[in-house]
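Remarks on the overall topology
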There are 2 protein chains.
Amino acid sequence: MPQLVLIVEDHPIVSESLAQLLTGSDLNIQCLHAPNAAKGLAFLNGNSFDLILLDINLPDMSGIEFCKIAKSRFPGIRILALTTIAQRHVVEKMLDQGADGFILKTSDIDDIIGGIRQVLSGKQYLGKGVKELMNGHSNDNNDLPMITKRESEILKLIADGLTNQEIADKLFISIFTVDSHRKNLLLKFSAKNTATLIKIVVSKGVIDVD
Amino acid sequence: MPQLVLIVEDHPIVSESLAQLLTGSDLNIQCLHAPNAAKGLAFLNGNSFDLILLDINLPDMSGIEFCKIAKSRFPGIRILALTTIAQRHVVEKMLDQGADGFILKTSDIDDIIGGIRQVLSGKQYLGKGVKELMNGHSNDNNDLPMITKRESEILKLIADGLTNQEIADKLFISIFTVDSHRKNLLLKFSAKNTATLIKIVVSKGVIDVD
DNA sequence: TGATAAATCACCTTTTTAGGGGATGTATAG
DNA sequence: CTATACATCCCCTAAAAAGGTGATTTATCA
């Protein structure tokens with residue numbers, strides 16, 4: 001019997017191409033497409049899939065959320081994440097949610113097929129560039145500083161326009177504490193002031209904007 | 001003789017799929033791939049292309065830049081832009097640079113092929129969703145205020161971390177003037193402070209980052 | 001156990017921004 | 001010609017941020 005693969009991907013050109021690659025291979029695979037998370041979850045309830053090829057950027061939900069839900073409902077299902085950008089924290093979150101593999105869309109076709117093969121056979125697979133990313137030996141611009149949970153929380157509030165005092169009130173902490181975190185953020189991102197800080201974190205996707 | 005198409009796209013899965021679609025169609029097309037802008041420009045110098053399928057998000061250069069360069073060197077070449085996100089200002093800039101068509105990657109395969117056909121035959125083509133976007137009947141946020149050239153200039157400097165005083169010195173105007181512009185910007189974008197202002201303009205692409 | 005990182009709190013000074021008033025000249029469009 | 005928008009300039013006050021220099025507790029890790 002063929003193995004059943006669900007492709008959750010909002011770009012028809014990509015999902016179509018993946019399906020052709022898979023059905024054209026020697027893997028004996030049958031594919032179903034879901035252009036968004038909602039349809040993807042609906043498919044999951046009606047069928048018994050062996051593998052999900054999961055895009056991280058979905059129109060209605062983040063792939064991380066989707067992964068979490070899918071794995072909780074169907075613990076046996078295998079999930080291979082596909083994404084355009086190599087962001088360390090995204091990879092970490094996906095693996096935390098139980099993803100079995102991670103491949104960049106900039107990978108070669110062979111790399112992608114190889115990854116699918118590995119994950120289908122029960123192994124974990126990190127694509128070209130992902131392993132280096134996780135080891136910190138990254139050659140591209142992933143030199144973003146690590147920030148703590150609290151810093152990230154305060155960063156979002158700063159971006160939302162709250163003053164130190166307002167943040168302090170909201171989090172039931174001293175304004176001095178908020179100020180410390182703000183200063184640490186400026187330091188970590190080598191930002192001269194709040195304006196540059198926000199420019200950096202928004203453009204690099206450190207915080208989610210609406 | 002076949003028509004020559006250059007695919008400038010950093011995702012092999014997408015460019016491969018496009019190439020298959022094109023060579024498998026009745027269009028008598030021959031494809032070359034460039035995974036980045038640099039190789040794309042190199043290809044342009046060595047061949048005589050009829051069409052460029054151009055991704056907006058390239059690793060080494062924005063598609064808008066690439067379009068500008070390509071059109072200035074080879075005015076006769078036709079350019080069809082492909083992108084993942086529908087942002088009005090991006091479409092406008094591309095068309096300003098002489099792009100002949102614009103298609104979202106979320107489009108159906110047929111829509112994409114149709115667009116390629118149209119552009120190859122000399123017409124302009126705006127894909128599904130793009131026309132609505134340009135007409136303002138869009139479901140997303142096109143309610144961005146108009147800002148003047150001077151305001152835009154000062155906005156960039158604010159985002160770069162310059163203080164009012166530094167901006168005043170740079171532009172040889174009074175700090176009062178800079179402050180007026182800053183206040184107008186806050187007003188126009190309904191921003192409580194500089195942090196939100198920058199968050200808005202960076203996320204909506206009002207200013208270019210790096 | 002000792003080191004380290006994270007989160008918390010504190011004080012002081014100076015600079016910068018925010019928010020509120022205004023005013024003037026100059027182009028441009030109706 | 002006359003609004004209107006734009007860019008320019010001015011003053012005031014209060015609030016906020018930037019910059020410096022500390023400390024304490026807690027937890028985790030080697």
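Let me begin by describing the structure that accompanies this report. (Residues numbered from 1 in each chain as written. Chains lettered and ligands numbered in written order. Predicted model: local features only at pLDDT ≥ 70, side-chain atom pairs only at ≥ 80, totals over all residues. Heavy atoms only, no water.)

**Section: the pairing of strand β1 (residues 3-8) of chain B**
Residue and element names in this part refer to chain B. Going by this rule: Partly exposed residues are those whose accessible area sits between 20% and 50% of the maximum for their type, while under 20% is buried and over 50% is exposed, using a 1.4 Å probe and protein chains only. The helix count covers DSSP runs of H or I at least four residues long, the strand count covers runs of E at least two residues long, and both are numbered beginning at the N terminus. Between any two strands, at least two bridges found by DSSP are needed for them to pair. Place the viewer so that the strands point away; then a crossover is right-handed whenever the path from the first strand over the helix to the second strand goes clockwise.
Counting buried residues in β1 gives five out of six residues, a clear majority hidden from the surface. Note that β1 and strand β2 (residues 29-34) share six bridges and pair parallel. Residue pairing for β2: I7 is matched across the bridge by H33. One crossover worth recording links β1 to the parallel β2 by way of helix α1 (residues 12-23), and it is right-handed.

**A few points about the relation of the copies chain A and chain B**
The test is simple: When the copies are overlaid, the least-squares fit takes in C-alpha atoms only where the residue has pLDDT of at least 70 in both copies. Residues count as neighbours in contact if any of their non-hydrogen atoms are within 4.5 Å of one another.
Superposition of chain A onto chain B requires a rotation of 179° combined with a translation of 1.2 Å along the rotation axis, giving an RMSD of 1.2 Å. These values place the two chain copies in the arrangement generated by a two-fold rotation axis. Interface overlap between copies is the fraction of interface residues in one copy that are interface residues in the other; for chain A against chain B it reaches 100%, indicating a shared surface.

**Here we look at the sheet that holds strand β5 (residues 101-104) of chain B**
All names here are of chain B. The strand order across the open sheet formed by six strands is β2-β1-β3-β4-β5-β6, and the pairing between neighbours is parallel. On the outer flanks of this sheet lie β2 and β6 (125-126), each paired with one strand and no other. The pairing of β1 with strand β3 (residues 51-55) spans four bridges and is classified as parallel. Following the sheet pairing, I7 is matched in β3 by L53.

**Focus on the environment of L4 of chain B**
Residues and elements named next belong to chain B. Along the polypeptide, L4 turns up in strand β1. Using a relative accessible area of 15% as the deciding quantity, one classes L4 as buried. Taking the C-alpha atoms as reference, L4 lies 6.0 Å from I29; in sequence the two are 25 residues apart. Dropping the residues within four chain positions of it, L4 is found in contact with Q30, N47, S48, F49, D50 and L51.

**Description of helix α7 (residues 149-159) of chain A**
The α-helix advances 3.6 residues per turn, and as a result positions three or four apart in sequence lie on the same side. For α7 of chain A, the set of buried residues is E151, S152, I154, L155, L157, I158 and A159 of chain A. On its buried face, α7 of chain A is in contact with α8 (164-171), α9 (175-188) and α10 (194-203) of chain A together with α10 (194-203) of chain B. Following α7 of chain A by one or two positions, G161 of chain A adopts a phi angle in the positive range, close to 95°.

**Here we look at the interface of chain A and chain B**
Rules: Buried area counts how much accessible surface, traced with a 1.4 Å probe, disappears from two parts once they are put together, with both parts' losses summed. Each reported salt bridge corresponds to a side-chain nitrogen of Lys or Arg within 4 Å of a carboxyl oxygen of Asp or Glu. Any pair of nitrogen or oxygen atoms within 3.5 Å is treated as a polar contact; in protein, a donor-acceptor pairing is required on top of that, and neighbouring residues in sequence qualify only through side-chain atoms on both sides.
Tallying the contact residues gives 33 residues for chain A and 34 residues for chain B. Taking both sides of the interface into account, the surface hidden between chain A and chain B amounts to around 2,700 Å²; carbon and sulfur atoms contribute 65%. For D160 of chain B, the salt bridge goes to K199 of chain A, with nearest N and O atoms at 2.8 Å. Our count for the chain A to chain B interface comes out at ten residue pairs in polar contact (both at pLDDT 80 or more). Elements represented by at least two residues in the side of chain A that touches chain B include exactly α1 (12-23), α5 (109-120), α7 and α10 of chain A. Tallying contributions element by element places α1 of chain A first for the side of chain A that touches chain B, with eight residues.

**Overview of the nonpolar core**
Rule in force here: By nonpolar core is meant a set of buried Ala, Val, Leu, Ile, Met, Phe, Trp, Tyr and Cys residues that side-chain atoms within 4.5 Å join together.
Grouped together as the largest cluster of nonpolar side chains are 44 residues, with contacts concentrated most on L22 and L53 of chain A together with L22 and L53 of chain B. Setting aside residues up to four positions removed in sequence, L53 of chain B forms contacts with V5, L6, I7, V8, L18, L22, L80, L82 and I116 of chain B.

**Things to note about the protein's contact with DNA strand C**
We count it as follows: Being near a molecule or strand, for a residue, means having at least one of its heavy atoms within 4 Å of it. Any residue outside Ala, Val, Leu, Ile, Met, Phe, Trp, Tyr, Cys, Pro, Asp, Glu, Lys and Arg is labelled polar, Gly included; the first ten of those are nonpolar and the last four are charged.
Neighbouring residues of DNA strand C: 17 residues in total, closest T148, S174 and T177 of chain A together with K183 and T194 of chain B. When the atoms of DNA strand C within 4 Å of the protein are sorted by group, sugar and phosphate make up 65%. A distance of 2.6 Å separates a phosphate oxygen of DNA strand C from a polar atom in the side chain of T177 of chain A. A distance of 2.7 Å separates a phosphate oxygen of DNA strand C from a polar side-chain atom of T194 of chain B. Going through the elements one at a time, α7 and α9 of chain A together with α9 (175-188) of chain B are the ones with two or more residues in the surface near DNA strand C. Looking at the surface near DNA strand C residue by residue, the classes come out as three nonpolar, nine polar and five charged.

**Thoughts on the protein's contact with DNA strand D**
In the vicinity of DNA strand D, 17 residues are found, and the nearest of them are T148, R150, S174, T177 and S180 of chain B. For DNA strand D, the fraction of atoms within 4 Å of the protein that belong to sugar or phosphate moieties is 65%. The separation between a phosphate oxygen of DNA strand D and a polar main-chain atom of T194 of chain A is 2.8 Å. In the environment of DNA strand D, a phosphate oxygen lies 3.3 Å from a nitrogen or oxygen atom belonging to the side chain of H181 of chain B. If you list the elements that add at least two residues to the surface near DNA strand D, you get α9 of chain A together with α7 (149-159) and α9 of chain B. Looking at the surface near DNA strand D, the element that brings in the most residues is α9 of chain B, giving four residues. Class assignment for the residues of the surface near DNA strand D results in three nonpolar, nine polar and five charged.

By themselves these figures say nothing about function.
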